[in-house]
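Coordinate analysis (summary)
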Amino acid sequence: MTTPHWLFLEPLDALLLRGNQLFGDAGSYGQSLMPPWPSVAAGAIRSRILVDAGIPLGEFAAGKHPHPALGTPEKPGAFTLCALHLARRNGENVEPLLPAPADLFIPQEGDAQLLRPAPLPAGLAASNPLPQLPLLARQGRSKPAAGSHWLTSAGWQAYLNGQTPARAELLPARKLWSTDERTGVGLNPGTRSAQDGRLFANSAVCMKENVGFAAAVAGMDAVPSDGLLRFGGDGRAVAVHRLPIAMPQPDWDAIAQQKRCRLILASPGLFAHGWLPNGFTREGDAWRFALHGVRARLAAAAVPRHATISGWDLARHQPKDAQRIAPTGSVYWLDELDATPDALRQLADAGLWGTPCEDDARRAEGFNRLHIAQWNEKSEKQEH
């Protein structure tokens, strides 16, 4: 894979980031999905690339005018959205912000804490098919903090190193965006006039000042570096900037030496086994992982409730198939790891796709991306 080009996408208007629920009927409500599916950014960037290349969108959709990097709708090219993260800009510097993973417990008050895999005590049984369960060893009772939280780059670096991020490195969503309720009117498709009794409501996402998205694109020699994108529902304006964006990296040598790690989904996962990523096969009583030169055993997993992804296929003028996804932030603990540092880097670059790829279209849209982090077996007391 070519070295990714990083872009900072700066919203200039409230965004309509529609999820996977139908709306538009009288009295219905459209809830915005934040962060959006990576396919939203992939589609916006690809449309701009086609316009810059002078390729009519209708001819590309019909497969009559392929693009060297985008290919055709039926046979996508090398273009890949490698990452889509929230980010905040400070002058010419952009800091990526990562969602709190499923193994990070954030209480209403006090320090956060990492879940640790452990076997069930003797006498207890569960339906979990894995040898260990991710458990929270905590004195006293604590309620989780309300809403989603995002890790700063420093907090994410600590997490990749197997440490618990400091409370100051956790940002509540309210500091990054707010929502604004909007009223819409149903239109007659023939006359384009308002229809009586067809009022509905939806929520718009209003990003805080200097907050936007960091997107990484590979498979192209050049990408848009200025100008605008049509982003999300109603094609709201987003400015494009080519700015340096440094993603925190794990200690690849330490992970290879420790022979264990965590895999964290950086984007929604579309997997044949549902919650279980591509690359796993059943061997006796164990799930074994083998992908891109990395081999290991699955010891434990923390996977939130599944969601469903669909979308609208502009080329075919029809909905995309609805598919279950493993949510971003799902965590998989691997032990008995057999991999070199270079193989770990290759897995992180390629994502959780096999060879040949199971779905070239969804690969290009940025699904099945992952982070690799250390799995330290220190106690919280030793850590702090």
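Residues numbered from 1 in each chain as written. Predicted model: local features only at pLDDT ≥ 70, side-chain atom pairs only at ≥ 80, totals over all residues. Heavy atoms only, no water.

1. Some words on the overall build of the protein
Secondary structure assignment for the protein yields 7 helices and 25 strands. Here the C-alpha atoms of the protein give a radius of gyration of 22 Å, agreeing with the 21 Å that 2.2 N^0.38 yields for 384 residues. Counting contacts in the protein only where the partners sit at least 6 residues apart, residues at least 24 apart contribute 73% of the total. Entry remark: accessible area of the protein is about 18,900 Å², with carbon and sulfur atoms responsible for 50%. (Helix = DSSP H or I, 4+ residues; strand = E, 2+ residues; numbered from the N terminus. Rg over C-alpha atoms; globule rule 2.2 N^0.38 Å. Contact = heavy atoms within 4.5 Å. Areas by Shrake-Rupley, 256 points an atom, 1.4 Å probe, with all protein chains shown as cover.)

2. Things to note about helix α3 (residues 153-160)
Among the 8 residues of α3, 6 are classified as buried, and the element is accordingly described as predominantly covered. Among all positions of α3, only S153, G155, W156, A158, Y159 and L160 are buried. The elements touched by buried residues of α3 are β4 (93-99), β6 (113-114), β9 (149-151), β16 (261-265), β24 (331-338) and β25 (370-373). One or two positions beyond α3, positive phi appears at G162, with a value near 85 degrees. (Buried < 20%, exposed > 50% of the residue type's maximum accessible area, 1.4 Å probe, protein only.)

3. Section: unusual backbone geometry
In this structure, the amide linkage connecting M34 to the following residue, P35, adopts the cis form with an omega of 0 degrees. The residue P35 is located in the loop between β2 (29-30) and α1 (38-52) in this model. Not every positive phi belongs to a glycine, and E336 is a case in point at roughly 50 degrees. Here E336 lies in strand β24. Classification of E336 by relative accessible area gives partly exposed; the value is 45%.

4. Some details on the pattern of salt bridges
Under the criterion given, the structure shown has 19 salt bridges. Residue R297 pairs with E336 through a salt bridge whose shortest N-O separation is 3.7 Å. Of this pair, R297 sits in strand β19 (residues 294-302) while E336 sits in strand β24, and the two are 39 residues apart along the sequence. Here R297 falls in the buried class, since its relative accessible area comes to 18%. (Salt bridge = Lys/Arg side-chain N within 4 Å of Asp/Glu carboxyl O.)

5. Some words on the confidence of the model for the protein
A residue-level look at the protein finds 95% of positions with pLDDT of 70 or above and a mean pLDDT of 91. Across residues 379-384 the pLDDT falls below 50, and counting only partners more than four positions away or on other chains, this stretch makes 11 contacts in the model. (pLDDT = per-residue confidence, 0-100.)

6. Focus on a nonpolar patch on the surface
On the surface, V185, L187 and L199 cluster together into a nonpolar patch covering about 260 Å² of accessible area. Here L187 lies in strand β11 (residues 177-187). (Patch = residues over 30% accessible without salt bridge, like charges linked within 9 Å, V, L, I, M, F, W, Y side chains within 5 Å.)

7. Details of the nonpolar core
Core analysis: the biggest nonpolar cluster contains 38 residues, and L9, I45, F79, L86, W177, F213 and F231 have the highest contact counts within it. When residues of this core are traced back to their parent elements, those giving at least two are β1 (5-11), α1, β3 (80-90), β12 (194-207), β13 (211-218), β14 (228-231) and β15 (236-241). It is α1 that provides the largest number of residues to this core, a total of 6 residues. Setting aside chain neighbours within four positions, we find L9 in contact with G212, F213, A215, L229, F231, V238, A239 and V240. (Core = buried A, V, L, I, M, F, W, Y, C linked by side-chain atoms within 4.5 Å.)

8. Some remarks on the sheet that holds β24
To summarise the sheet geometry, strands pair through backbone hydrogen bonds and adopt either a parallel or an antiparallel arrangement. In spatial order, the strands read β17-β18-β19-β24-β16-β25; together these 6 strands make up an open sheet with antiparallel pairing. At either end of the open sheet lies a strand with only one pairing partner, and these are β17 (280-283) and β25. On average, each strand axis in the sheet is inclined to that of its neighbour by 35 degrees, with strand direction left out of account. For β19 and β24, the ladder comprises 6 bridges, and the chain directions are antiparallel. Residue pairing across strands places A302 opposite V331, the latter belonging to β24. The strands touched by α3 within the sheet are β16, β24 and β25, with β25 carrying the most contacts at an inclination of about 60 degrees. Helix α5 (residues 341-350) rests against β16, β18 (286-291), β19, β24 and β25 of the sheet, and its axis sits at about 150 degrees to β25. (Pairing = 2+ DSSP bridges. Axes fitted to C-alpha atoms, helices over the stretch in contact; angles between N-to-C directions.)

9. Focus on the environment of T340
Among the secondary structure elements, T340 is positioned in the loop between β24 and α5. It is 7.8 Å that separates the C-alpha atoms of T340 and D253, two residues lying 87 residues apart in sequence.

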